[in-house]
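# What the coordinates show
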Amino acid sequence: MEINRFRDEYDFLSNFYRVDIEYEGIIYPTVEHAFQALKTLDNDERLKISLLDTPTEAKRAGRKVTLRSDWEDVKLDIMKELIMIKFHDPILKEKLLNTKDAILIEGNTWNDYYWGECKGKGQNHLGKILMEVRDMIK
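Below, the structure is looked at part by part. (Residues numbered from 1 in each chain as written. Predicted model: local features only at pLDDT ≥ 70, side-chain atom pairs only at ≥ 80, totals over all residues. Heavy atoms only, no water.)

### Topic: the overall build of the protein chain
The helix and strand inventory of the protein chain stands at six helices and four strands. Secondary structure elements in the protein chain, listed N-terminal to C-terminal, are β-β-β-α-α-α-α-α-β-α. A compact globule built from 138 residues should have a C-alpha radius of gyration of about 14 Å, and the protein chain, at 14 Å, falls within 12% of that. Structurally, the protein chain occupies a C-alpha span of about 45 × 35 × 25 Å along its principal axes. In the protein chain, which comprises 138 residues, the proportion classed as buried is 47%. Long-range pairs, those at least 24 residues apart, make up 55% of the contacts in the protein chain between residues at least 6 apart in sequence. Looking at the protein chain as shown, the accessible area adds up to about 7,800 Å², and 50% of this sits on carbon and sulfur atoms. (Helix = DSSP H or I, 4+ residues; strand = E, 2+ residues; numbered from the N terminus. Rg over C-alpha atoms; globule rule 2.2 N^0.38 Å. Buried < 20%, exposed > 50% of the residue type's maximum accessible area, 1.4 Å probe, protein only. Contact = heavy atoms within 4.5 Å. Areas by Shrake-Rupley, 256 points an atom, 1.4 Å probe, with all protein chains shown as cover.)

Here it is as structure tokens:
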């Protein structure tokens, strides 16, 4: 089985899904907020992102932060850490485990070939991390 859209019954797989993520003393309303904030080492910039209303606003703000010099080296590890935090929630953990052995693909139409797949092409790093975390929490 393949889950290739993180919408409807699988919306909980999306980084835009609302669940508090606490990281280094700041509570973010979504994984997306946390991920975008962690692009910088500036706590003021992180806090500003944590207070934004929507993950879309957080994503936009993440493009303007003072980018940490090691970002390309650490971004996959940070995403995995945030996904682990997200799925410590017992309800979300159960939902993730209920995907059983399904292949998880962050299918999209916005040409994200790094975190997902578009038109069947892409590296699908988010899907791979989700499957890895699912295997770890079994």
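### As for unusual backbone geometry
With a phi angle near 50°, aspartate 8 is a residue other than glycine that sits in the positive phi range. Mapped onto the elements of the fold, aspartate 8 is located in the loop between strand E1 (2-3) and strand E2 (18-23). The phi dihedral of lysine 100 falls on the positive side, at around 50°, and the residue is not glycine. Note that lysine 100 resides in the loop between helix H5 (90-97) and strand E4 (103-104). Accessibility expressed as a relative area gives 57% for lysine 100, which makes it exposed.

### Re the pairing of strand E3 (residues 26-30)
A large share of E3 lies buried, amounting to four of its five residues. Adjacent in sequence and paired antiparallel, E2 and E3 are bridged by two residues, among which glutamate 24 carries a positive phi angle near 50°. (Pairing = 2+ DSSP bridges.)

Remember that the coordinates give geometry; whether it matters functionally is a separate question.
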